[in-house]
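# Observations on chain architecture
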Amino acid sequence: MTLIEAKDYVTRKLKSADVPDYLLESDLLLCKVLGCDRAWLLAHGDRQVFDHELEHLNALIDRRCRREPLAYIFGEAPFYGRTFLVGEGVLIPRQETEILVDMALSFAKEGVVLDWGTGSGCVILSLLLENPSLRGIALDLSPKAMRWAWRNVDRFGLFDRVVLWHESARLPNKWGDHGLDMIVSNPPYIPTADIGFLMPEVGLYEPRSALDGGPEGTQWYGFLFKNAPKWLKRGGLLLVEVGGRGREEAVLSMDHFGLVVHEVKRVNNSVSIVVFKNE
């Protein structure tokens, strides 16, 4: 089997499983197996695929046809110009969340930033890598997520600047009482009843705890609004990603416990970043 034939084979397999972007993903799977880029792949269509390569390729195809996310299969995902380790038990970084990082960097010049619900750690680690004057707390209740965050802290050599905290409602004593300069969060915001309608890659594989925002999708925003004033210094900021149609209006109409809306940035038709100030 040549690479041209292999590409056709992979494409047909993925298409039959209703995999989105099956043409692109067929190339990506072949590149993963061969350790090459797409340009090399296109330039060497007559190259023969060896038996051990085909065996590896079929194993990856089987996983993808079961709609396992490509990021889990590859064990990594891009975010903010870097590659983060991901896998079973952690939310895959989304491109729109990069705007949360952009906005946080525009406000935070120094100090301590809490990433509530850190997952892979992609948000807080991106902030620390972009701004050496920041220190961070990466907080998550999920032990699986904490393991992935640990791996990424190790990957980027940031153990001297970030605390990994396996909790949800309690912070390290040093910062737990009005000690934070900023909180950033991409909290779970999918209404419970909508989980079953998500695309298979999300609904079947990504952790429900990172998706389920309660009956209205606003449960964890309420939690953050209640706790942020206790955790933030006066003048400190809470930045949250707000997703889902109509969710922005619902979040803005909630009790903010003294937090004041400072800025709203719409990323696209269904995602916004809302900034609150602790006055």
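See the structure above.
Per-chain numbering applies: the sequence of each chain, read as written, is numbered from 1 onward. Local features in this predicted model are restricted to residues whose pLDDT is 70 or higher, and side-chain atom pairs enter the listing and the counts only when it is 80 or higher, whereas totals over whole chains, interfaces and linings include all residues. Side-chain metrics in this entry use all non-hydrogen atoms of the structure; hydrogen atoms and water are not considered.

## Structural notes on the overall build of the protein chain
- Looking only at helices and strands, the protein chain features eleven helices and nine strands.
- We compute the radius of gyration from the C-alpha atoms alone; for a globule the expected value is 2.2 Å times N to the 0.38, where N is the number of residues. Taken over the C-alpha trace, the protein chain has a radius of gyration of 21 Å; the compact-globule value for 279 residues is 19 Å, and the two agree within 12%.
- Expressed as lengths along the three principal axes of its C-alpha atoms, the size of the protein chain is roughly 65 × 40 × 30 Å.
- Expressed as a percentage of its 279 residues, the buried residues of the protein chain come to 50%.
- Once local pairs closer than 6 in sequence are excluded, the contacts in the protein chain between residues at least 24 apart make up 66%.
- Residue burial considers only the protein chains on display, and all accessible areas are found by Shrake-Rupley using a 1.4 Å probe. Taken as a whole, the protein chain presents about 13400 Å² of accessible surface, with 52% of it coming from carbon and sulfur.
- Once the 32 positive and 38 negative side-chain charges of the protein chain are each reduced to a mean point, those two points are 3 Å apart. Secondary structure elements are taken from DSSP: a helix is a run of H or I of four residues or more, a strand is a run of E of two residues or more, and numbering for both begins at the N terminus. Accessible area is worked out with a 1.4 Å probe on protein chains only. A residue is then buried under 20% of its type maximum, exposed over 50%, and partly exposed in between. In this analysis, two residues are considered to be in contact whenever any of their non-hydrogen atoms come within 4.5 Å of each other. The positive count covers Lys and Arg only, the negative count covers Asp and Glu only, and His and the chain ends enter neither. Throughout, a charge is located at the NZ atom of Lys, the CZ atom of Arg, the CG atom of Asp or the CD atom of Glu.

## Some points on the nonpolar core
- Residue types Ala, Val, Leu, Ile, Met, Phe, Trp, Tyr and Cys, when buried and joined through side-chain atoms within 4.5 Å, form a set referred to as a nonpolar core. Counting 29 residues, the largest nonpolar core has Leu114, Leu180, Ile183 and Leu238 as its most contacted members.
- Ranked by residue count, the leading element in this core is helix H10 (residues 219-231), at six residues.
- Counting 27 residues, the second largest nonpolar core, distinct from the first, contains Leu100, Leu158, Val184 and Val275.

## Considerations on the layout of surface pockets
- Here a cavity means grid points, on a 1 Å grid over the protein atoms only, where a 1.4 Å probe fits yet cannot get out; a pocket means an open set of points with protein on both sides within 12 Å along at least five of seven lines; lining residues are those with an atom within 4 Å of a point. Grid points are joined across faces, edges and corners, and a volume is the space filled by probe spheres set on the points. Roughly 1000 Å³ of internal volume is contained in the largest pocket.
- Lining the largest pocket are 41 residues, and of these Ile92, Pro93, Arg94, Val202 and Glu206 lie nearest its centre.
- Contributions of two or more residues to the lining of the largest pocket are made by helix H2 (22-34), helix H5 (70-74), strand E1 (76-79), helix H9 (200-205) and strand E7 (232-243).
- Polar here means any residue other than Ala, Val, Leu, Ile, Met, Phe, Trp, Tyr, Cys and Pro, which are nonpolar, and Asp, Glu, Lys and Arg, which are charged; Gly is therefore polar. Class assignment for the residues of the lining of the largest pocket results in 23 nonpolar, six polar and twelve charged.
- For the second largest pocket, the calculated volume is near 490 Å³.
- Taken together, 32 residues line the second largest pocket, and the ones lying closest to its centre are Gly117, Thr118, Gly119, Asp140 and Ala210.
- Looking at the lining of the second largest pocket, the elements that each hand over two or more residues are strand E3 (111-116) and helix H7 (122-130).

## Points about the pattern of salt bridges
- What counts as a salt bridge is simple: a side-chain nitrogen of Lys or Arg found within 4 Å of a carboxyl oxygen of Asp or Glu. If you walk through the whole model with that rule in mind, you get 15 salt bridges.
- Across the salt bridge formed by Arg64 and Glu25, the nearest N and O atoms sit 2.6 Å from each other. Separated by 39 residues along the polypeptide, Arg64 in helix H4 (residues 51-65) and Glu25 in helix H2 bring together distant segments of the chain. Each member of the pair, Arg64 as well as Glu25, is classed as buried.
- The residue Arg47 makes a salt bridge to Glu53 at a minimum N-O spacing of 2.6 Å.
- We classify Arg47 as partly exposed; its relative accessible area is 25%.
- Through salt bridges with shared partners, a single network forms among Glu25, Arg64, Arg67 and Glu201.

## Focus on the packing of aromatic side chains
- By convention, a stacked pair of Phe, Tyr or Trp rings (six-membered ring in the case of Trp) has centres within 6.5 Å and planes under 30 degrees apart, an edge-to-face pair has planes over 60 apart, and any other such pair is tilted. The full count for this structure, using the stated rule, is nine aromatic pairs.
- Ring centres of Phe79 and Tyr80 lie 6.4 Å apart, and the angle between their planes is 40 degrees; this geometry places the pair in the tilted category.
- Among the residues examined, Tyr80 registers a relative accessible area of 19% and is labelled buried.
- Residues Trp116 and Phe223 carry aromatic rings whose centres are separated by 5.4 Å and whose planes lie at 40 degrees to one another, so their mutual orientation is tilted. Highlighted residues: Trp116 in strand E3 and Phe223 in helix H10, separated in sequence by 107 residues.
- Under the relative-accessibility criterion, Phe223 is labelled buried at 19%.
- Ring-pair connections join several aromatic residues into one group, and the members of that group are Phe79, Tyr80, Phe84 and Phe156.
- The criterion is that NZ of a Lys, or CZ of an Arg, lies within 6 Å of the ring centre and within 35 degrees of the ring normal, and then a charge sits over that ring. One residue, Arg151, lies across the ring of Trp148, its end atom 4.2 Å from the ring centre.

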